[in-house]
Amino acid sequence: MFDWPTFLFSLPLLGKALLITLQTSLLGNAIGFVIGTLIASMQLAKMPLLRRLGGSYIFIFRGVPLLVQLLVIYYLAPMFGLPNLPPMVAAIMALSLCSGAYIAEILRGGLLAIPSGQREAAHLLGMSRPAILLRVELPQAVQSTLPSLVNELVLLIKSSALVSVVGLADLTRVAQNLASSDYLFFQHYLVLAGIYCLINIPLTMFGRRLERHLERSLA
Amino acid sequence: MPLSLSPSTSPPAASNLEATPKGPDKASPIIHLSAVGKRFGNHQVLADINLSVHHSEVVCLIGPSGSGKSTLLRSMAFLEEYDEGEIHIEGRLLGWEIDDRGRRKHAGRTRLNQARRNLGIVFQQFNLWPHMTALGNVTEALVRVRGIKRNEAEKRAMEVLDKVGLAEKAKEYPARLSGGQQQRVAIARALAMEPKIMLFDEPTSALDPELVGEVLAVMKQLALEGMTMVVVTHEMGFAAQVADTVVFLDQGSIVTRGTPSEVFRDTQHPRLRQFLQNYLDRNAFWHTTTEQEN
């Protein structure tokens with residue numbers, strides 16, 4: 001049933017692919033968090049133009065499938081006579097832009113839950129907008145939305161399987177290659193499924209610990 | 001070089017609304033409101049408010065809810081935009097700028113912050129930041145706004161926390177403090193910025209009756225030390241003991257004002273008497289029981 005020598009032989013390849021998957025999705029999530037923070041605060045700004053811009057961003061990047069976003073970004077540069085973006089860059093760009101839209105919506109909810117008096121107090125003490133966002137609002141928004149943020153990270157790791165379409169040798173692509181070389185489809189895809197599953201364990205644990213840590217300080 | 005004035009210019013004293021702030025002139029008011037008004041749509045919330053607050057003066061604003069006393073206090077920090085009249089803080093027009101054509105427009109952020117620099121504000125709901133310790137709450141603006149190094153800011157913050165009697169609670173998060181302690185941290189946070197004027201917006205209204213005293217004690221101490229204070233309050237006892245001036249508002253206007261004894265004992269004003277009678281009735285439990293026994 002299960003061909004152990006083939007499995008052992010495939011491990012180094014899968015290990016390298018795992019690094020690519022983690023690299024794209026973790027970097028994509030980190031940049032997506034920055035984008036999400038910016039977009040969320042734009043949506044809550046007073047200026048109508050900023051609100052509209054933030055809203056449009058979410059409309060586009062949440063509305064278009066990630067796969068399509070990847071393809072558009074990858075094939076955009078040649079339209080202007082430029083060389084293709086390196087696949088890694090295109091992949092990270094697409095993942096950050098897309099997760100940015102979702103994270104923005106999550107954080108917006110968290111920001112809205114903060115009593116406006118806290119903002120007022122900070123404002124009166126002379127704190128600047130960015131300082132209020134980073135020091136007063138964001139830590140609380142992250143704390144209250146942590147389960148959703150971890151959820152978003154898990155989703156992104158799984159979505160990163162799509163980056164294989166721009167030719168990146170991530171986990172899914174490597175498993176496909178292995179399968180098509182020895183026709184052990186079931187075995188390779190079962191291993192692939194197992195790896196994705198295992199990635200979640202440390203993430204979930206990290207999320208729980210962070211939650212508990214924050215709860216303790218605010219209890 | 002003498003300033004050349006065009007013939008049409010009015011005398012310099014009256015020509016400039018933003019006359020340079022005078023030095024520590026004890027005689028001129030530190031806050032001056034003239035003909036201040038504000039409306040929400042058709043509803044006139046404040047009308048023709050004239051009020052001066054001098055150095056080291058304690059002014060208590062009293063009145064029924066909806067009388068505009070909180071709106072008035074918040075206007076003094078430009079948290080509410082007054083749309084008629086002028087508020088000057090240390091001679092600076094608050095919140096507005098007059099352009100060349102004599103129209104008013106919003107003052108820039110820096111100007112507004114300059115005017116607010118002298119103000120410390122304490123809210124009914126404390127508004128502490130729950131993710132920072134008491135010490136963190138007091139230190140934050142010192143570091144971010146005044147640019148003081150963290151360890152130095154913490155030293156200063158500890159002094160202020162000690163002043164409100166909470167030095168040993170410095171490392172606690174707000175959620176672990178009682179309401180009275182939270183409000184005292186909020187007072188410390190405002191005091192750390194060394195304001196010249198403290199504004200209090202119903203500082204004890206959200207507190208259990210048993211916790212009111214500790215907050216009022218801190219405020220009394222401040223008044224004794226010569227802090228200029230404007231206090232919106234329902235604590236008539238505090239107003240009677242601490243205020244230099246008590247101002248009674250009703251329906252957005254100042255109905256009457258005076259020293260505590262003028263307002264609380266000698267007034268003949270019917271609306272004020274009715275307002276005060278409510279307090280007497282509510283707090284007369286001892287009196288009533290003895291009467292019933294007779």
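Residues numbered from 1 in each chain as written. Chains lettered and ligands numbered in written order. Predicted model: local features only at pLDDT ≥ 70, side-chain atom pairs only at ≥ 80, totals over all residues. Heavy atoms only, no water.

Trainee: Got a minute to help me understand the UniProt feature "transmembrane region" (unreviewed entry) in chain A in this structure?
Mentor: Under the local residue numbering, the UniProt record ascribes the feature "transmembrane region" (unreviewed entry) to residues 20–45, 57–76, 88–107, 149–169 and 189–207 of chain A. Between the end C-alpha atoms of residues 20–45 of chain A there is a gap of 37 Å, over a span that is 92% helix and 0% strand. (UniProt positions renumbered as here; feature names shortened; annotations may be inferred. Helix = DSSP H or I, 4+ residues; strand = E, 2+ residues; numbered from the N terminus.)

Trainee: Honestly, the UniProt feature "domain: ABC transmembrane type-1" (unreviewed entry) in chain A in this entry has me stumped. Any pointers?
Mentor: UniProt feature "domain: ABC transmembrane type-1" (unreviewed entry): in the numbering of this structure it lies at residues 14–207 of chain A. In residues 14–207 of chain A, helix accounts for 83% and strand for 0%; the two terminal C-alpha atoms are 26 Å from one another.

Trainee: Looking at this structure, how should I read the nonpolar core?
Mentor: Nonpolar side chains tend to gather and get buried jointly when the protein is soluble and globular. Residues and elements named next belong to chain B. Leu 161, Ile 187, Met 198, Phe 200, Met 219 and Met 229 are the most contacted members of the largest nonpolar core, which totals 63 residues. Top element by residues in this core is helix α7 (residues 209–224). It accounts for 8 residues. If we skip the residues at most four places from it in the chain, Met 219 touches Ile 187, Phe 200, Pro 203, Met 229, Val 231 and Phe 238. Ranked by size, the runner-up nonpolar core spans 36 residues in total, among them Val 59, Phe 78, Leu 112 and Leu 119. (Core = buried A, V, L, I, M, F, W, Y, C linked by side-chain atoms within 4.5 Å. Buried < 20%, exposed > 50% of the residue type's maximum accessible area, 1.4 Å probe, protein only. Contact = heavy atoms within 4.5 Å.)

Trainee: I would appreciate a short explanation of the interface of chain B and chain A in the present structure.
Mentor: A common measure of how large an interface is: the accessible area buried when the components associate. With 24 residues of chain B at the contact, the number on the chain A side is 19 residues. Between chain B and chain A we count 2 salt bridges in total. For Glu 140 of chain B, the salt bridge goes to Arg 135 of chain A, with nearest N and O atoms at 2.7 Å. Inspection of the region where chain B meets chain A yields 7 residue pairs in polar contact (both at pLDDT 80 or more). Of all the elements in the fold, those that place two or more residues in the side of chain B that touches chain A are α3 (109–116) and α4 (134–144) of chain B. Across the side of chain B that touches chain A, the residue classes break down as 13 nonpolar, 3 polar and 8 charged. (Salt bridge = Lys/Arg side-chain N within 4 Å of Asp/Glu carboxyl O. Polar contact = N/O pair within 3.5 Å; in protein donor to acceptor, adjacent residues only side chain to side chain. Nonpolar A, V, L, I, M, F, W, Y, C, P; charged D, E, K, R; others polar.)

Trainee: Hey, could you run me through the sheet that holds strand β12 (residues 253–258) of chain B in this one?
Mentor: What links the strands of a sheet is backbone hydrogen bonding, and the strands pair in either a parallel or an antiparallel sense. All names here are of chain B. Strand order in the open sheet formed by 6 strands is β8-β9-β10-β3-β11-β12, and the pairing between neighbours is mixed. Of all the strands in the sheet, just β8 (119–122) and β12 have a single pairing partner and so form its edges. This sheet shows a mean twist of 15 degrees between the axes of neighbouring strands, independent of strand direction. (Pairing = 2+ DSSP bridges. Axes fitted to C-alpha atoms, helices over the stretch in contact; angles between N-to-C directions.)

Trainee: Any chance you could explain the sheet that holds strand β2 (residues 43–53) of chain B here in plain terms?
Mentor: All names here are of chain B. An order of β2-β1-β4-β5 is seen for the 4 strands of this open sheet, with the pairing classed as antiparallel. Bordering the open sheet on either side are β2 and β5 (92–93), each of which pairs with just one other strand. In this structure, strand β4 (residues 84–89) lies alongside β5, joined through 2 bridges in antiparallel fashion. Each bridged residue has a counterpart across the sheet, and for Ile 89 the counterpart in β5 is Arg 92.

Trainee: Looking at this model, I keep getting lost on the side chain of Thr 267 of chain B. Mind explaining?
Mentor: All names here are of chain B. Mapped onto the elements of the fold, Thr 267 is located in the loop between α9 (260–264) and α10 (270–282). What makes Thr 267 buried here is its relative accessible area of 11%. Looking at Thr 267, its side chain comes within polar contact range of the main-chain nitrogen of His 269, at 3.0 Å.

Trainee: How should the side chain of Asn 118 of chain B be read in this particular structure?
Mentor: Residues and elements named next belong to chain B. Inspection of the secondary structure puts Asn 118 in the loop between α3 and β8. Within the structure, the side chain of Asn 118 is placed 3.5 Å from the side chain of Glu 90, a separation counted as a polar contact. Residue contacts for Asn 118: discarding those within four places in its chain leaves Ile 89, Glu 90, Pro 195, Lys 196 and Ile 197.

Trainee: Please clarify how the packing of aromatic side chains should be interpreted in this entry.
Mentor: Residue and element names in this part refer to chain A. Per the counting criterion, the structure on display carries 12 aromatic pairs over all chains. Judged by centre distance (5.7 Å) and plane angle (90 degrees), the ring pair of Trp 4 and Phe 7 falls under edge-to-face. Of this pair, Trp 4 and Phe 7 both sit in helix α1 (residues 4–43), 3 residues apart, which is roughly one turn of that helix. Take Phe 7: its relative accessible area is 17%, and that puts it in the buried class. The rings of Phe 2, Trp 4 and Phe 7 are connected pair by pair, giving a single aromatic cluster. (Phe/Tyr/Trp six-rings, centres within 6.5 Å; stacked < 30°, edge-to-face > 60°.)

Trainee: Looking at this structure, how should I read helix α7 (residues 171–182) of chain A?
Mentor: Each α-helix turn comprises 3.6 residues. Residues three or four places apart therefore point the same way. Residue and element names in this part refer to chain A. Compared with an ideal rise of 1.5 Å per residue, which puts 12 residues at 16 Å, α7 spans 17 Å between its outermost C-alpha atoms and is within 8% of the ideal. Within the sequence span of α7, burial applies to Leu 171, Thr 172, Val 174, Ala 175, Leu 178 and Ala 179. One side of α7 carries all its buried residues, which in axial view fall inside an arc of 165 degrees. Following α7 by one or two positions, Tyr 183 adopts a phi angle in the positive range, close to 60 degrees. (Expected span 1.5 Å × (residues − 1). Arc of directions from axis to C-beta.)

Trainee: Please clarify how the environment of Thr 71 of chain B should be interpreted in this entry.
Mentor: Within the secondary structure layout, Thr 71 of chain B lies in helix α2 (residues 69–75). For Thr 71 of chain B, a relative accessible area of 14% gives the class buried.

Trainee: Help me out: how do you make sense of the environment of Ser 159 of chain A in this one?
Mentor: Residues and elements named next belong to chain A. Structurally, Ser 159 can be placed in helix α6 (residues 129–159). For Ser 159, a relative accessible area of 26% corresponds to the partly exposed category. Counting along the chain gives 135 residues from Ser 159 to Thr 24, while the straight-line C-alpha distance between them is 10 Å.

Trainee: How should the pattern of salt bridges be read in this particular structure?
Mentor: Charged atoms that come close allow side chains of opposite charge to pair. Residues and elements named next belong to chain B. Inspection of every chain in the model, using the stated rule, returns 17 salt bridges over all chains. Residues Lys 69 and Glu 202 are paired through a salt bridge, measuring 4.0 Å at the closest nitrogen-oxygen approach. A residue pair is termed long-range when its members are at least 10 positions apart, and Lys 69 in helix α2 and Glu 202 in the loop between β9 (197–201) and α7 qualify at 133 residues. Residue classification places Lys 69 among the buried residues on the basis of a relative accessible area of 3%. One salt bridge connects Asp 250 with Arg 271, and the closest N-O pair in it is separated by 2.9 Å. Separated by 21 residues along the polypeptide, Asp 250 in strand β11 (residues 245–250) and Arg 271 in helix α10 bring together distant segments of the chain.

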